[in-house]
Amino acid sequence: MTQEDPNYGFDTLQIHAGARPDPATGARQVPIYQTTAYVFRDAEHAAALFNLQEVGYIYSRLTNPTVAALQERVAVLEGGAGAVCCSSGHAAQIMALFPLMAPGRNVVVSTRLYGGSITQFSQTIKRFGWSATFVDFDDLDAVEAAIDDDTRAVFCESIANPGGYITDLDAISAIADKAGLPLIVDNTSATPYLCRPIEHGATLVVHSMTKYLTGNGTVTGGVVVDSGKFDWSASDKFPSLSAPEPAYHGLKFHETFGPLAFTFHGIAIGLRDLGMTLNPQAAHYTLMGIETLSLRMDRHVENAMKIAAWLETHDAVEAVTYAGLPSSRYNDRVARICPKGAGGLFTVALKGGYESCIKFVDALEIFSHVANLGDTRSLVIHSASTTHRQLSEEQQVAAGAAPNVVRISIGIEDANDLIADLDQALNKAK
Ligand SMILES: *Cc1c(COP(=O)(O)O)cnc(C)c1O
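- Under the annotation held in an unreviewed UniProt entry, the chain carries the name L-methionine gamma-lyase and is attributed to Antarctobacter heliothermus.
- According to its UniProt record, the chain has this under Sequence similarities (unreviewed entry): "Belongs to the trans-sulfuration enzymes family."
- UniProt's Cofactor (unreviewed entry) comment on the chain is quoted here verbatim: "pyridoxal 5'-phosphate".

Here we look at the site of the ligand
Okay, step 1: Within the structure, the ligand sits among 15 residues, and G89, D186, S208, T210 and K211 are positioned closest to it.
Okay, step 2: A distance of 2.9 Å separates an oxygen atom of the ligand from a polar atom in the backbone of H90.
Okay, step 3: Contact with the protein chains hides 92% of the accessible area of the ligand, taken as 380 Å² for the molecule alone.
Okay, step 4: The dominant element in the shell around the ligand, judged by the number of residues it contributes, is helix 4 (residues 89-97), at three residues.
Okay, step 5: Within the shell around the ligand, the residues separate by chemical class into two nonpolar, 10 polar and three charged.

A closer look at the UniProt feature "modified residue: N6-(pyridoxal phosphate)lysine" (unreviewed entry) in the chain
Okay, step 1: As annotated in UniProt, the feature "modified residue: N6-(pyridoxal phosphate)lysine" (unreviewed entry) corresponds to K211 in the numbering used here.
Okay, step 2: Exposure remark for K211: the relative accessible area of 9% places this residue in the buried category.
Okay, step 3: Discounting residues that sit within four places of it in the chain, K211 has contacts with Y114, T188, N372, L373 and G374.

With respect to the pattern of salt bridges
Okay, step 1: Tallying each qualifying case throughout the model produces 14 salt bridges.
Okay, step 2: Between D136 and R112 there is a salt bridge; the shortest N-O distance is 3.1 Å. Of the two residues, D136 sits in the loop between strand 3 (131-135) and helix 6 (140-146) while R112 sits in the loop between strand 2 (106-110) and helix 5 (115-122), which places them 24 residues apart along the sequence.
Okay, step 3: According to the relative accessible area criterion, D136 is partly exposed, its value standing at 34%.

Points about the domain arrangement of the chain
How big an interface is tends to be reported as the loss of accessible area on association of its parts.
Okay, step 1: Assigned domains within the chain: domain 1 (10-289) and domain 2 (293-429).
Okay, step 2: On a C-alpha basis, the centroid separation for the pair domain 1 and domain 2 is 29 Å.
Okay, step 3: The interface of domain 1 with domain 2 comprises 39 residues on the first partner and 43 residues on the second.
Okay, step 4: By the criterion of area lost to domain 2, the three top residues of domain 1 are P162, Y193 and Y212, representing 24% of everything that side buries.
Okay, step 5: Its salt-bridge partner being D138, residue R333 comes within 3.0 Å of it at the nearest N-O pair.
Okay, step 6: At the junction of domain 1 with domain 2, the criterion picks out 16 residue pairs in polar contact (both at pLDDT 80 or more).
Okay, step 7: Looking at the side of domain 1 that touches domain 2, the elements with two or more residues in it are helix 1 (10-16), helix 5, strand 6 (165-166), helix 7 (169-178) and helix 8 (191-194).
Okay, step 8: It is helix 8 that provides the largest number of residues to the side of domain 1 that touches domain 2, a total of four residues.
Okay, step 9: Of the residues belonging to the side of domain 1 that touches domain 2, the class tally is 16 nonpolar, 17 polar and six charged.

Observations regarding empty space enclosed by the protein
Okay, step 1: Applying the stated criterion across every chain yields a total of one cavity of 30 Å³ or more.
Okay, step 2: In this model, the largest cavity occupies a volume close to 30 Å³.
Okay, step 3: Of the residues contributing to the lining of the largest cavity, the split by class is five nonpolar, five polar and one charged.

Re the sheet that holds strand 3
Okay, step 1: Spatial strand order, 1-9-8-7-4-2-3: seven strands in an open sheet with mixed pairing. The open sheet terminates on both sides in strands that have one partner only, identified here as strand 1 (82-86) and strand 3. Strand-to-strand twist in this sheet, taken as the mean axis angle between neighbours without regard to direction, amounts to 20°.
Okay, step 2: Pairing geometry for strand 4 (residues 151-157) and strand 7 (residues 183-186), over four bridges, is parallel. Within the sheet, the bridge partner assigned to F155 lies in strand 7 and is I184.
Okay, step 3: Here helix 5 sits on the sheet in contact with strand 2, strand 3 and strand 4, set at roughly 130° to strand 3.
Okay, step 4: Against the sheet, helix 7 makes contact with strand 4 and strand 7, and its axis sits at roughly 150° relative to strand 7, the strand it touches most.

Notes on the sheet that holds strand 13 (residues 379-381)
Okay, step 1: A sheet is described by the order of its strands in space; here five strands give the open sequence 10-11-14-13-12, paired in mixed fashion. With one partner strand each, in any of the chains shown, strand 10 (317-321) and strand 12 (368-369) form the two edges of the open sheet.
Okay, step 2: Here strand 10 runs beside strand 11 (residues 345-350); their pairing, made up of four bridges, is antiparallel. Opposite T321, over in strand 11, you have T347 as the bridge partner.

The rules we used
- Residues numbered from 1 in each chain as written.
- Predicted model: local features only at pLDDT ≥ 70, side-chain atom pairs only at ≥ 80, totals over all residues.
- Heavy atoms only, no water.
- UniProt positions renumbered as here; feature names shortened; annotations may be inferred.
- Near = heavy atom within 4 Å.
- Polar contact = N/O pair within 3.5 Å; in protein donor to acceptor, adjacent residues only side chain to side chain.
- Areas by Shrake-Rupley, 256 points an atom, 1.4 Å probe, with all protein chains shown as cover.
- Helix = DSSP H or I, 4+ residues; strand = E, 2+ residues; numbered from the N terminus.
- Nonpolar A, V, L, I, M, F, W, Y, C, P; charged D, E, K, R; others polar.
- Buried < 20%, exposed > 50% of the residue type's maximum accessible area, 1.4 Å probe, protein only.
- Contact = heavy atoms within 4.5 Å.
- Salt bridge = Lys/Arg side-chain N within 4 Å of Asp/Glu carboxyl O.
- Domains from an automatic or database assignment.
- Buried area = accessible area lost by both parts, 1.4 Å probe.
- 1 Å grid on protein atoms, 1.4 Å probe; cavity = no way out; pocket = protein on both sides within 12 Å on 5 of 7 lines; lining within 4 Å.
- Points joined across faces, edges and corners; volume = space filled by probe spheres on them.
- Pairing = 2+ DSSP bridges.
- Axes fitted to C-alpha atoms, helices over the stretch in contact; angles between N-to-C directions.

Encoded structure:
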């Protein structure tokens, strides 16, 4: 199977895309190519590879066959032209911004983001001379007004962590388009099974593969998928992609590689010089995880719907924010943005406040209190005392992680067992 078979369904592609029988051995599963380097045919071959005149394997910081299979699989599932894997979701976010940004440039980002991303964007990127302007992405005029001459990208999550919010990707991509800017969508919580951001106008899609793509809490990994659709040469805003690259004898990435420009830049400059490489063993685990992605996501959604609806009626519960519930103000976006369901992640606000949340989390038995999501196992976290504790209370509230809120990542266990566990813990927390 090759990338040129667009007619296969998602269930077929999640198993076969990128994975051909191993040419050396016929191995059916993708082998873990646990090697640092690759023997050149001869000196001329080596020179061609280093000049990017021929595509091949040089050194595993740049490319590795196991990682390449995963890159192709995720690119196909997202409907992109190419993808670059990297060592974590956070690495993917830096790798996505790196070719676009420069000192003095900014990115316009949604206030509804994973807590770690808020910290990365509001604090750490300043060390590179970059900045982020945070905006409520439901206020389209504010998004448009936040874009200035130094803006180089717009960034949001499809289904936003900690859950319950869905971004109107069609409206946001129209604004980015009008400004001649790429839209970057973090599709971690939705996965390409529930949401395909490129079909809604996204230029780049990033993932923390740590979560649903691997699916069972074994790997830290990330990926940047390029739609291949953005015209990097339409303005002089993206010289890394459109202007001559001194480190490659003046080669112009966009002119030379067309729709694969961003992907080639990500490997030839990004991985080469930033070194945020995914290791082949992690890639192998993620490839195996993706084989069952649609099955798992269907169950995550089914369980989340059942449990969120049950929680909403519990007398210890103040509110449940799950976009799959009719009570959610984002419910009308589900059919358009993530037609197969609103994911497995939501938050619950308890009437008893902060203290009640702590007791609840400590009393749960099947649910684990961990800083992770998107596992086969059900997980829970009190964001305000953990992942979001670096944020001000105002930022916590804006991110959906107020002090009386617990984030729940529903696994694929028996929903009745999960409900019984939540019930006993809620009763102890009252
Ligand atoms: C976890 C997560 C990240 C960061 O990914 P890591 O693999 O932990 O670096 C980014 N975005 C979202 C939505 C996440 O859930």
